[in-house]
Amino acid sequence: DVKVTQSSRYLVKRTGEKVFLECVQDMDHENMFWYRQDPGLGLRLIYFSYDVKMKEKGDIPEGYSVSREKKERFSLILESASTNQTSMYLCASSFLAFGFKDYGYTFGSGTRLTVV
Amino acid sequence: DQQVKQNSPSLSVQEGRISILNCDYTNSMFDYFLWYKKYPAEGPTFLISISSIKDKNEDGRFTVFLNKSAKHLSLHIVPSQPGDSAVYFCAASGLSGGYQKVTFGTGTKLQVIP
């Protein structure tokens, strides 16, 4: 079974703090993604990566950055946390092309981040 | 601009009956469509997909129908079971900026009543 592991289930951080969300996958997937899920807005793509050291902006990258130094690890960074970044953050991974179309994305269990 | 829309935020169905979840999209360049199921405190799990060159795909109790002319897809669950109670996300995929990009809908919460 493919596993995508997010390091924390729940986090509470203060406004202005730098926050790191970590994600690790164990199936040698090329693609990795960060989404946030908010009520009434569904899942929105923040950043994604198709290879090591490669990153691309998604639909809502403002206030976030990412790092992918190793194939299995994709980190999301909130440079200066704000209350409007309180959300459920979901990491996902997939094969590059054909595998995605048969199996879709594999998601982690999510990190519920609260910024106070 | 919501390119993938699920207009029903919630749906209640009796156990054993059919559940029909609907999804509309606006981008005619989408070439693949997927459904995900999400339980509380878990990540979404892939359920079923369909290519734009097909109009139906079936997997056990789950069938997805695609109507390209109407830009509409639906997920049928027959028979519905209490364990199907979850939030269902519709997703559409297409090339954007040289990459295969997936856009998710807002989700429909399905409750199957025993």
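Definitions and cut-offs
Sequence order as written defines the numbering, with residues in each chain counted from 1. Key to labels: chains lettered from A, ligands numbered from 1, both in the order written. Given that the model is predicted, a residue must reach a pLDDT of at least 70 before its local features are reported, and side-chain atom pairs must reach 80 or more before they are shown or counted; all residues, however, enter totals for whole chains, interfaces and linings. Derived side-chain values reflect all non-hydrogen atoms in the structure, with water molecules and hydrogen atoms excluded from consideration. What counts as a helix is a DSSP run of H or I of at least four residues, what counts as a strand is a run of E of at least two, and both are numbered from the N terminus. We compute the radius of gyration from the C-alpha atoms alone; for a globule the expected value is 2.2 Å times N to the 0.38, where N is the number of residues. A simple rule labels every residue: compare its accessible area, found with a 1.4 Å probe on the protein chains alone, to the largest value its type can have, and call it buried under 20%, exposed over 50%, or partly exposed in between. Here, two residues are considered to be in contact whenever any of their heavy atoms come within 4.5 Å of each other. We get accessible surface area from the Shrake-Rupley algorithm with a probe of 1.4 Å; when it comes to residues, only the shown protein chains can shield them. Charge counting follows a simple rule: Lys and Arg are positive, Asp and Glu are negative, and His as well as the terminal groups are ignored. Charged side chains are reduced to one point each, which is NZ for Lys, CZ for Arg, CG for Asp and CD for Glu. One bridge is not enough; two strands pair if DSSP finds at least two bridges between them. Fitting a line to C-alpha atoms yields each axis, with helices limited to the stretch in contact; the angle taken between N-to-C directions then spans 0 to 180 degrees. For the purposes of this section, nonpolar cores are sets of buried Ala, Val, Leu, Ile, Met, Phe, Trp, Tyr and Cys residues that join through side-chain atoms within 4.5 Å. Any Phe, Tyr or Trp ring, taking Trp's six-membered ring, that has another such ring centre within 6.5 Å forms a pair; planes under 30 degrees apart are called stacked, those over 60 apart edge-to-face, and the others tilted.

## Looking at the overall build of chain A
Okay, so step 1: In terms of regular secondary structure, chain A is built from one helix and eleven strands.
Okay, so step 2: Secondary structure elements in chain A, listed N-terminal to C-terminal, are β-β-β-β-β-β-β-β-β-α-β-β.
Okay, so step 3: Radius of gyration (C-alpha) of chain A: 13 Å, near the 13 Å computed for a compact globule of 116 residues.
Okay, so step 4: Burial status across chain A gives 49% buried among its 116 residues.

## Description of the overall build of chain B
Okay, so step 1: The helix and strand tally for chain B stands at zero helices and eleven strands.
Okay, so step 2: For chain B, the α and β elements follow one another from N to C terminus as β-β-β-β-β-β-β-β-β-β-β.
Okay, so step 3: Compactness check: chain B gives a C-alpha radius of gyration of 14 Å against a globular reference of 13 Å for 114 residues, within 12% of the reference.
Okay, so step 4: Taking all 114 residues of chain B together, 45% fall into the buried category.
Okay, so step 5: When contacts within chain B are restricted to residue pairs at least 6 apart in sequence, long-range pairs at least 24 apart make up 54% of them.
Okay, so step 6: A total of about 5,500 Å² of accessible surface is found on chain B, and carbon and sulfur atoms cover 49% of it.
Okay, so step 7: For chain B, the distance from the average site of its 11 positive side-chain charges to the average site of its 9 negative ones is 3 Å.

## Quick notes on the sheet that holds strand 1 (residues 4-6) of chain A
Residues and elements named next belong to chain A.
Okay, so step 1: With antiparallel pairing, the four strands of this open sheet are ordered in space as 1-3-8-7. Pairing within the sheet leaves two strands with one partner each, and these edge strands are strand 1 and strand 7 (64-70). When the angles between neighbouring strand axes are averaged without regard to direction, this sheet yields 20°.
Okay, so step 2: Relative to strand 3 (residues 19-25), strand 1 is paired through three bridges, and the arrangement is antiparallel. Residue pairing across strands places Thr5 opposite Val24, the latter belonging to strand 3.

## Here we look at the sheet that holds strand 7 (residues 62-67) of chain B
All names here are of chain B.
Okay, so step 1: Strand order in the open sheet made by the five strands is 1-3-8-7-6, with antiparallel pairing throughout. Every interior strand has two partners, whereas the edge strands, strand 1 (4-5) and strand 6 (56-59), have only one.
Okay, so step 2: One ladder, built from six bridges, connects strand 7 with strand 8 (residues 72-77); its direction is antiparallel. By the bridge assignment, Asn67 is partnered in strand 8 with His72.

## Looking at the nonpolar core
Okay, so step 1: Residues Phe33, Trp35, Leu73, Leu75 and Tyr88 of chain B are the most contacted members of the largest nonpolar core, which totals 23 residues.
Okay, so step 2: Elements with a contribution of two residues or more to this core: strand 3 (19-25), strand 4 (32-38), strand 5 (45-51), strand 7, strand 8, strand 9 (86-96) and strand 11 (108-113) of chain B.
Okay, so step 3: The element that contributes the greatest number of residues to this core is strand 9 of chain B, accounting for four residues.
Okay, so step 4: With 20 residues, the next largest nonpolar core counts Leu21, Tyr47, Cys91 and Leu113 of chain A among its residues.

## Considering the packing of aromatic side chains
Residues and elements named next belong to chain A.
Okay, so step 1: This model, assessed by the stated rule, comprises 17 aromatic pairs over all chains.
Okay, so step 2: When the centroid spacing of 6.3 Å and the interplanar angle of 80° are considered together, the rings of Phe33 and Tyr50 count as edge-to-face. Pair noted here: Phe33 is in strand 4 (residues 31-38) and Tyr50 is in the loop between strand 5 (42-49) and strand 6 (56-57), with a separation of 17 residues, a long-range link.
Okay, so step 3: Accessibility expressed as a relative area gives 2% for Phe33, which makes it buried.
Okay, so step 4: Ring centres 6.4 Å apart and planes at 45° place the aromatic pair Tyr35 and Tyr105 in the tilted group. Here Tyr35, found in strand 4, pairs with Tyr105, found in the loop between helix 1 (98-103) and strand 10 (106-107); they are 70 residues apart in sequence, far enough to count as distant.

## Some details on the pairing of strand 5 of chain B
Residue and element names in this part refer to chain B.
Okay, so step 1: Here strand 5 lies mainly inside the structure; five of its seven residues are buried.
Okay, so step 2: Bridging between strand 4 and strand 5 involves six bridges; their strand directions are antiparallel. Its bridge partner being in strand 5, Lys37 is matched across the sheet by Thr45.

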